[in-house]
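Structural characterization, general
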Amino acid sequence: LVRRGVIPVTVALKVLWWGVRYKLHIQVEQKVVRQYIFRSLSHFPAESANQMMAELYLSELEQNLRPKGLAEMQHRREQGDLIVVVSASFVPIIEAFAQDNPIDGFVCTHMEIKDGFYTGNVVGLPPEGEQKAVQLTAWADAHFGQGAWVVTWAYGDHYSDAPLLEMAENPVAVNPDTRLEKTAKTNGWQILDWSL
């Protein structure tokens, strides 16, 4: 987005600094990083900002999808499982991903729109950490009825995914960070390498 002149370098540096602290497991405010980005987009109509995000996915992110992960999604679909993506990413990015991949639903970060423009405010809480489990539960209850569903498989790569993995009959740590790898080993969870 910086290369495209959409967001200023100062915003990118704030996002980078937030990311460094997140990777180091230093407590960070989840809403803040999203506000940095979407406040920079607030002078574009939301429809244009969404298009930019979709183009960002296609030009920069799609090439980094892990082939083994995509194959696993297809396999799970063939086994009769429904695929629900739970991500702290944004609606337009997940919608772009959903166009070419076998997903049945998603839980992600929703940003506030007023008068056709993003305000920079997060609607509710981002699905991060414990919120991934909370929001997936709410989504599944709304779609299937309370107690009428089960998470058969769940995949995560960061320690903050542990609450979501704990919900699953088959939790899988994929290229996990150090803390998640330790948790996975302690709990006897499967650990996979989906390196590109």
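Data block above holds the structure.
Structure report, in brief. Throughout this document, residue positions are counted from 1 along each chain, in the order its sequence is written. The predicted nature of this model means local features are confined to residues of pLDDT at least 70 and side-chain atom pairs, given and counted, to a pLDDT of 80 or more, with totals for whole chains, interfaces and linings taken over all residues. Excluding hydrogens and water, the side-chain values take into account all heavy atoms of the structure.

The next subject is the side chain of Asp 177. As for its placement among the helices and strands, Asp 177 is situated in the loop between β6 (170-174) and α8 (178-187). The charged side chain of Asp 177 is buried without a salt bridge, its nearest counter-charge being Lys 23 at 6.4 Å. N or O atoms closer than or at 3.5 Å make up a polar contact, with two conditions inside protein: a donor-capable atom paired with an acceptor-capable one, and, for residues adjacent in sequence, both atoms drawn from side chains. Within polar-contact distance, the side chain of Asp 177 engages the backbone nitrogen of Tyr 159 at 3.1 Å. If near-sequence neighbours (up to four positions away) are discounted, Asp 177 is found in contact with His 25, Asp 157, His 158 and Tyr 159. Comment: elements are numbered from the N terminus, with helices defined as DSSP H or I runs of at least four residues and strands as E runs of at least two. Summary of the burial criterion: residues with accessible area below 20% of their type's maximum are buried, those above 50% are exposed, and those between are partly exposed, where the area comes from a 1.4 Å probe applied to protein chains only. Within this scheme the basic residues Lys and Arg register as positive and the acidic residues Asp and Glu register as negative, but His and the chain ends are omitted. For this analysis, a salt bridge means a side-chain nitrogen from Lys or Arg found within 4 Å of a carboxyl oxygen belonging to Asp or Glu. In what follows, a contact means two residues having at least one pair of non-hydrogen atoms within 4.5 Å.

As a further point, take the side chain of Arg 76. Mapping Arg 76 onto the fold places it in helix α4 (residues 67-78). A relative accessible area of 10% means that Arg 76 is categorised as buried. In contact with Arg 76, not counting residues within four places along its chain, are Asp 81, Ile 83, Trp 153 and Tyr 155.

Turning to the environment of Val 134, a few remarks are in order. With respect to the helices and strands, the residue Val 134 is situated in helix α6 (residues 130-144). Separated by 39 residues in sequence, Val 134 and Glu 95 have C-alpha atoms that sit 21 Å apart.

This part is about α4. The end-to-end C-alpha separation of α4 is 17 Å, in line with the 16 Å expected for twelve residues at 1.5 Å each. What α4 keeps buried is the set Gly 69, Glu 72, Met 73 and Arg 76. The arc enclosing the buried residues of α4, seen along the axis, measures out at 105 degrees, which places them on a common side. The outward face of α4, more than 90 degrees from its buried face, is lined by the exposed residues Pro 67 and Glu 78. Against the buried residues of α4 lie α5 (91-99) and β5 (153-156). Any helix carries an expected span of 1.5 Å times its number of residues minus one. Each direction from the helix axis to a C-beta atom contributes to the arc, which is the arc of those directions.

Two strands qualify as a pair provided DSSP detects at least 2 bridges between them. Across three bridges, the pairing between strand β3 (residues 111-114) and strand β4 (residues 117-122) is antiparallel. Across the sheet, the residue bridging to Ile 113 is Tyr 118, located in β4. Between β3 and β4, which follow one another and run antiparallel, lie two residues, and Asp 115 among them has a positive phi close to 55 degrees.

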